[in-house]
Amino acid sequence: MRKRINLCFIGCGAFCKAFVPLFQKHPDVESVAVCDLIPERAADYSQKFDVPIIASFEEAIASDKIDAVAIFTQRHTHGPLVIAALKAGKNVYSAVPCASTIEEIYEIEELVRKTRLTYSMGETGYYRAPTVFCRNKMLAGEFGDFVYGEAQYNHDQRHFHYESNGPDWRKVAGIPPMLYPTHSTAMILGAMKGVYVKKVAAFGWVEEKLPDIFGTNGVNLWNNPFSNTAMLAQLSNGGVARISENRRVAFAGPNTYISQFYGSDACYEFSVAHHYFTHWDSKNTNKLLMDEVTKDLLPAGVYEKINDPDFPQRISDGAGFWDSAPVQNTARIPIEYRHEKNGHNGTHHFMVDDFCQAAATGMLSPTNIWTAARYNLPGLVAHKSAINGGQLMDVPDLGEPPADWPVMQLD
Ligand SMILES: NC(=O)c1ccc[n+]([C@@H]2O[C@H](COP(=O)([O-])OP(=O)(O)OC[C@H]3O[C@@H](n4cnc5c(N)ncnc54)[C@H](O)[C@@H]3O)[C@@H](O)[C@H]2O)c1
């Protein structure tokens, strides 16, 4: 039997506002409330979205009128809030990342396994068009064996919102890039079933131009010297992935993408706005054919301008950010969302729908804690590896979800 959800948003900052209307309109949601440490922010949201305010996170998780929380607090704060919410018996939607320490991720997994509450991490990378494209082709067997992949999340730290952290914002702005690895790991791992990272070796780029943000003399909470870090990962299927998390590079958009996804029988390549798929010619086994598949991976309204002289600039400025592409299965999205704003290449609708349906039915969302751990843990280990000069390190794996807990496969 489906259960309707009474949810409280924790954190009314820059990102959360895109999600309030989606949760409000979802057919599995009964009610929505908001909460923020900064009372004016909660008041703004309350007025804008006509929702009640709950005074604090603690009050929200103590309330028997609330059965779920959606965590939209700053990126390094999620672990303890998720743990407290699960201990209080609440279902949890969490913005990325899952948590900042390996121990927190273990504890979240243990709580979810014991309580059978819903935990879903809103990871855009799992739903982006290139991931969906590679996942579909991988499942269909067209790639053959996965051999090598590259993905990156380029997001210059000057574009992040640090106002919430007050005068000490620099201490948080220097967060190690690999503590936020899930966008790019999700794009490679999310294209395959049951694959995880076994070992990593990583190198960091020591930031010298922003010594008040990055450094080892206490300027940030982590004593982190790196603004950019890259890891080489050995995967459980024998493949290799290069994952980069860049926070001070001059590249704007698209900011999360797979640049290469190579298989023994077919390959996907992406170059700024063009997507290609190469595969063997069935009539001539010595010949490779290259198809341009861009039409399936860009929203129709963006694709139709592909030959305009300013097209690369438009892509850099974020064209396609708001809409889904043909390869994404929008037919599954609740009808109530048809006119609702989307975001991050048409992924917001999918993330909210998967959480709500999981919480309402008791099934697992695709970005459940076992998947989230596989996306997050490699980054936490990679940062340690980079601090140790590229030391090869084992990555823990929490395994698959319990066999009697099915994962929804809506796309
Ligand atoms: N592509 C993506 O998936 C994507 C994009 C943007 C942001 N995000 C994630 O969304 C989250 C929010 O980002 P943002 O830019 O909106 O941050 P923000 O700093 O603008 O907002 C965070 C808000 O949380 C509030 N808060 C912190 N601790 C709280 C607590 N204990 N109780 C109640 N309120 C609390 C703060 O006061 C602040 O208003 C981050 O985790 C970020 O990683 C994800």
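Per chain, residue numbering runs from 1 following the sequence as it is written. Local features are withheld for residues below a pLDDT of 70 in this predicted model, meaning they are given only at 70 or higher, and side-chain atom pairs are given and counted only at 80 or more; totals for whole chains, interfaces and linings count all residues. Hydrogen atoms and water are omitted, and side-chain values are computed over all heavy atoms in the structure.

### Examining the site of the ligand
Only heavy atoms are used to decide nearness, and a residue is near a molecule or strand if one of them lies within 4 Å of it. Neighbouring the ligand are 25 residues; F15, D36, R41, H78 and S164 lie closest to it. Here a polar contact is recorded for every N or O atom pair within 3.5 Å, except that within protein the pair must consist of a potential hydrogen donor and a potential acceptor, and residues adjacent in sequence are included only if both atoms are side-chain atoms. Within the contact set of the ligand, an oxygen atom lies 3.3 Å away from a side-chain nitrogen or oxygen of Y180. Contact distances for the ligand include 3.2 Å between a nitrogen atom and a side-chain N or O atom of H344. Note that accessible areas follow from Shrake-Rupley with a 1.4 Å probe, and for residues the cover is restricted to the protein chains shown. Here the ligand, which alone exposes 860 Å², has 91% of that area covered by the protein. Residues are sorted three ways: Asp, Glu, Lys and Arg are charged, Ala, Val, Leu, Ile, Met, Phe, Trp, Tyr, Cys and Pro are nonpolar, and all the rest, Gly among them, are polar. Partitioning the shell around the ligand into residue classes produces 12 nonpolar, 10 polar and three charged. Taken domain by domain, the makeup of the shell around the ligand includes at least three residues from each of domain 1 (5-124) and domain 2 (125-330 + 369-394). Note: domain ranges come from an automatic or database domain assignment.

### What about unusual backbone geometry?
Cis peptide bonds are those with omega within 30 degrees of zero, and the linkage from V96 to P97 qualifies with -5°. Strands here mean DSSP runs of E at least two residues long; helices mean DSSP runs of H or I at least four residues long; both are numbered from the N terminus. Checked against the element boundaries, P97 lands in the loop between β4 (91-95) and α5 (102-115). With a phi close to 55°, D50 is a non-glycine residue in the positive phi region. Inspection of the secondary structure puts D50 in the loop between α2 (39-49) and α3 (57-62). Phi at H344 takes a positive value of approximately 50°, unusual for a residue other than glycine. Structurally, the position occupied by H344 is in the loop between α12 (311-316) and α13 (348-361).

### Thoughts on the pairing of strand β9 (residues 240-246)
Both faces of the sheet carry side chains from a regular strand, because those side chains alternate between them. Relative accessibility decides the category of a residue: with a 1.4 Å probe and only protein chains considered, values under 20% of the type maximum give buried, values over 50% give exposed, and everything between is partly exposed. Summarising burial for β9: six of the seven residues are buried, a large majority. By this definition, two strands are paired if DSSP reports at least two bridges between them. The sheet contact formed by strand β6 (residues 146-154) and β9 spans seven bridges and is parallel. Its bridge partner lying in β9, G149 is registered against A241. With seven bridges connecting them, strand β8 (residues 226-235) and β9 associate as antiparallel partners. Looking at the pairing, A230 lines up with S244 of β9. The antiparallel pairing of β8 with β9 creates a hairpin that spans four residues between the two strands, and G238 there sits at a positive phi of about 90°.

### Looking at helix α14 (residues 369-387)
The terminal C-alpha atoms of α14, which comprises 19 residues, lie 27 Å apart, in line with the 27 Å expected from a rise of 1.5 Å per residue. For α14, a buried count of 17 out of 19 residues is recorded, marking the element as mostly surrounded by other parts of the structure. N-cap assignment for α14: the residue whose side-chain oxygen lies 2.9 Å from the backbone N of W370 is N368. Immediately downstream of α14, the backbone of G389 shows phi near 70°, a positive value. Expected helix span is taken as 1.5 Å per residue step, with the number of steps being one fewer than the number of residues.

### Brief notes about the nonpolar core
The tendency in soluble globular proteins is for nonpolar side chains to be buried as a group. Counting residues in hydrophobic clusters, the biggest one holds 118 residues, and the most contacted among them are F9, F23, I108, Y119, I188, L235 and F261. With residues near it in sequence (within four places) discarded, F9 still touches C16, F19, V20, F23, V32, A33, V34, C35, A70 and F72. Membership of the second largest hydrophobic core comes to six residues, among which are A273, L298, I306 and F311. Nine residue types can take part in a nonpolar core, namely buried Ala, Val, Leu, Ile, Met, Phe, Trp, Tyr and Cys, and a core is a set of them joined through side-chain atoms within 4.5 Å. Working rule for contacts: check all heavy atoms of both residues, and any pair within 4.5 Å makes them a contact.

### Describing empty space enclosed by the protein
Rolled over the atoms, a probe sized like a water molecule indicates the empty space that remains. A pocket, in this scheme, is an open set of points on a 1 Å grid over the protein atoms alone with protein on both sides within 12 Å along at least 5 of 7 lines, while a cavity is a set where a 1.4 Å probe fits but cannot get out; residues line either one if an atom lies within 4 Å of a point. Grid points are joined across faces, edges and corners, and a volume is the space filled by probe spheres set on the points. The final tally for this structure, using the stated rule, is three cavities of 30 Å³ or more. R75, Y153, Q157, F160, Y162, A173, I175, P176, P177, Y180 and R247 are the residues that line the largest cavity. If you add up the space inside the second largest cavity, you get close to 40 Å³. Those elements giving two or more residues to the lining of the second largest cavity turn out to be α9 (182-189), β8 and β9. Looking at the lining of the second largest cavity residue by residue, the classes come out as seven nonpolar, one polar and no charged.

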